[in-house]
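An overview of the molecular structure
Listed here are the chains, written in short residue letters.
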Amino acid sequence: MAEFVQRRKEELIVEVPVLNSHFKKSVVKNILNQREKFEYRLMRRNKQKSDFTLYISFLKNIIKKVQKMGSTSTETHKLINQHNNRIIDLYRASLKYFKDDVSLWKEYIKFLMKCRRLTLLRTVLNSALLLHGHISDSLYVFAIRQEFQDLKNIQKAREMYTDGLHAHKNSSKLYFEAFKCELAYSETLIQKVLKSGKELNLEDPALNGSIAKVIFESAVENVKNDTDLYFKMYEEATQYNFALDLSKEIKNFMLTSFSTDPNYWDTLATNELLKNTKNTEKFKITKCLDRYNAALSVVDTDEMWDKYLTTILKITADTKNTEIYKRNLLRQSMYNAHKKNKLKPKHYIEWINKSKSSMTKEILDLAIETYPDNTSILELNIKYKLTDTDELIAYELFKNNANKISPNLWLTIVEHFSNKLQINDIFNMIFGDKSVCSNEVKQKLGNEYLLWLSKNKSLDDARSAYNKLIISNSCDASLCKTIVTLETEQQKVDINKTRQHFTLACMQFGKNNIDLWMERIYFELKYGSPKLVSSTYHQALTTLNNEESDQFVEQYSSNASTFKTICKI
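As the structure is a computational prediction, the values presented were derived from the model and not from experiment.

Before going further, it helps to examine a positive patch on the surface. A surface patch of like charges, here positive, comprises Lys64, Lys65, Lys68 and Lys114. In terms of residue count, helix α4 (residues 49-68) provides more of the positive patch than any other element does, three residues in total. Mapped onto the elements, Lys114 comes out in helix α6 (residues 102-114).

Inspection of the entire model under this criterion finds one cavity of 30 Å³ or more. Estimates place the volume of the largest cavity at around 40 Å³. Arg158, Glu182, Leu183, Tyr185, Ser186, Pro205, Ala206, Gly209, Ile211 and Ala212 are the residues that line the largest cavity. Listing elements by their share of the lining of the largest cavity, those giving two or more residues are α10 (172-196) and α11 (210-222).

For Arg116, which is not glycine, the phi torsion reads 60° and is therefore positive. Note on placement: Arg116 falls in the loop between α6 and α7 (118-132). The class of Arg116 is partly exposed, set by a relative accessible area of 49%. Even without a glycine there, the phi angle at Asn341 is positive, about 60°. Structurally, the position occupied by Asn341 is in the loop between α17 (324-339) and α18 (345-354). Taking relative accessible area as the criterion, Asn341 reaches 54% and is therefore assigned exposed.

As annotated by UniProt and renumbered to match this structure, "domain: U3 small nucleolar RNA-associated protein 6 N-terminal" (unreviewed entry) occupies residues 23-75. What you have in residues 23-75 is 75% helix and 0% strand, and the ends, taken at the C-alpha atoms, are 12 Å apart.

What follows is about the domain arrangement of the protein chain. By the assigned domains, the protein chain splits into domain 1 (169-259) and domain 2 (478-568). Taking the mean C-alpha position of each, domain 1 and domain 2 sit 74 Å from one another.

For the structure on display, the rule yields 23 salt bridges. Of the charged contacts, one joins Glu281 and Lys326 as a salt bridge, the two residues approaching to 3.2 Å between their closest N and O atoms. Placement of the pair is Glu281 in helix α15 (residues 281-298) and Lys326 in helix α17, with a sequence separation of 45 residues. Residue classification places Lys326 among the buried residues on the basis of a relative accessible area of 3%. Across the pair Glu391 and Lys420 runs a salt bridge, and its minimum N-O distance is 2.6 Å. Here Glu391, found in helix α21 (residues 391-400), pairs with Lys420, found in the loop between α22 (407-416) and α23 (423-431); they are 29 residues apart in sequence, far enough to count as distant. Relative accessible area serves as the criterion here: at 28%, Lys420 is assigned to the partly exposed category.

Let us now look at the state of the cysteines. Per the stated rule, a full pass over the model turns up zero disulfides. The structure places no disulfide on Cys437, whose sulfur is separated from the nearest cysteine sulfur, that of Cys475, by 13 Å. Judged by relative accessible area, Cys437 falls into the buried class, the value being 14%.

Here we come to the environment of Trp305. Within the secondary structure, Trp305 sits in helix α16 (residues 302-315). Distance from Trp305 to Asp266, taken between C-alpha atoms, is 10.0 Å for residues 39 residues apart in sequence. Once you skip the residues sitting within four places of it in the chain, Trp305 turns out to touch Leu296, Asp300, Ala337, Lys340 and Lys342.

By size, the foremost hydrophobic cluster in this structure holds 112 residues, and its most contacted members are Phe179, Leu183, Tyr230, Met233, Ile250, Met254 and Trp351. Per-element tally for this core: the top contributor is α10, with nine residues. Counting 56 residues, the second largest nonpolar core, distinct from the first, contains Tyr449, Leu453, Tyr466 and Val493.

Parameters at a glance
- Residues numbered from 1 in each chain as written.
- Predicted model: local features only at pLDDT ≥ 70, side-chain atom pairs only at ≥ 80, totals over all residues.
- Heavy atoms only, no water.
- Patch = residues over 30% accessible without salt bridge, like charges linked within 9 Å, V, L, I, M, F, W, Y side chains within 5 Å.
- Areas by Shrake-Rupley, 256 points an atom, 1.4 Å probe, with all protein chains shown as cover.
- Salt bridge = Lys/Arg side-chain N within 4 Å of Asp/Glu carboxyl O.
- Lys, Arg positive; Asp, Glu negative; His and termini not counted.
- Charge placed at Lys NZ, Arg CZ, Asp CG, Glu CD.
- Helix = DSSP H or I, 4+ residues; strand = E, 2+ residues; numbered from the N terminus.
- 1 Å grid on protein atoms, 1.4 Å probe; cavity = no way out; pocket = protein on both sides within 12 Å on 5 of 7 lines; lining within 4 Å.
- Points joined across faces, edges and corners; volume = space filled by probe spheres on them.
- Buried < 20%, exposed > 50% of the residue type's maximum accessible area, 1.4 Å probe, protein only.
- UniProt positions renumbered as here; feature names shortened; annotations may be inferred.
- Domains from an automatic or database assignment.
- Disulfide = S-S within 2.5 Å.
- Contact = heavy atoms within 4.5 Å.
- Core = buried A, V, L, I, M, F, W, Y, C linked by side-chain atoms within 4.5 Å.

Below, the structure is given as structure tokens:
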């Protein structure tokens, strides 16, 4: 193994001068060290796919960095070419071990397409199709594009999409790729005829889009319900003058077949926003909404309304900083939907978020009227009322619904009432015998609870709460750090009490929490007895899991000088 890696290192020496011309010496050294590690991983008996893919990603990142430099020198091309060759070698080697991995073949094909290794690409595509053509239509799509776009071979492209559709007769990807290919080829032939000065014969099937029409008709037989496919075919056909009749035929087919399909109307409407025309944004929005209005007159369903409202909310995403017409559009659309009982809780919430604060109460009242028992609306109402004038109403709402309030709102409530009389009852609702919240809330607020007890009641109360919480499933090791901080802030530190805190925490979290043991050692050095450090160290080694134990030894060694300084103090 070492001999092979050494040979690879010697081969790398050739690349060093070129690397030095693009990177600092320290960076080059790091690149070489990383590559040596990758080469060793490739020599393992039980190879993993990641041994190859991580190495490939590393080399690709180097190429990206070099390309960003913007240099077009011979040295730059040489460096990129060297790395491309190594990546190709790695893909070849990986596919010997993982030839059944279709995703790996696709990555290799995409890479070859990107670096324009067309001859090799054809060979790789043929191999991939032979192995996986029957299970992956994407491989045929790659093959069609290469033959038609790169190699300009329409006959071979036709063979590819014919074979592909034979194996995947329900593949929308293949139908669209074949359709697009034939339209583009007809346009190429038309341009050749025009340049030659000859007269166009629009009866010629090769020139009038007849072959593309056959593909469309075949798709209709085999892929009947894919609205997205036919929209793409329609959009593609409208780009060619010779295919306008075909585009009308596709449009009529969609109107007949998908008139009650919300996806059809949604795509039809949103396409108005995407059209690359000189029309203003306001004009495009109007056309889009006209489509939706027509849709709702035919398909008045919750799904259709949801798609319409989703688009409205996207259009008005910047409504706080944009034209008045968008704010009016949002308000009018949402009110209409509310009247027809088509708004869901998420729509009300987004409506509030996108509207001026002066409208919040009005919209919130509408939401509560429609969804009086919805938790999301309830929480929004509580947050809205957390003001000096309405906070008592908010508090009563919170108390009456505490068992279904989310952890985030609990945190908001505690923060708001932290210096007010209600905080005592709130903490009792969280940590009392009749707790009404989840363990997640207790875990997030445990430290704050100890600090509050120490400040507003006594350290003994904080200690009692710690002893109860640390042995439950509703806290983490950070609770120990908080109580220890409180102990060490006292005029006279109670060493025995603090050691008890550490003992309880280590019983609960000592198997995997390295920091807890390091803090315990630090405490003994600064406040307790340095003589106990050795026994604590060995206790940590025997308690921690194997991996954490090794990390603990490393961390302890790296902090040795700090510990010595503490001892001297």
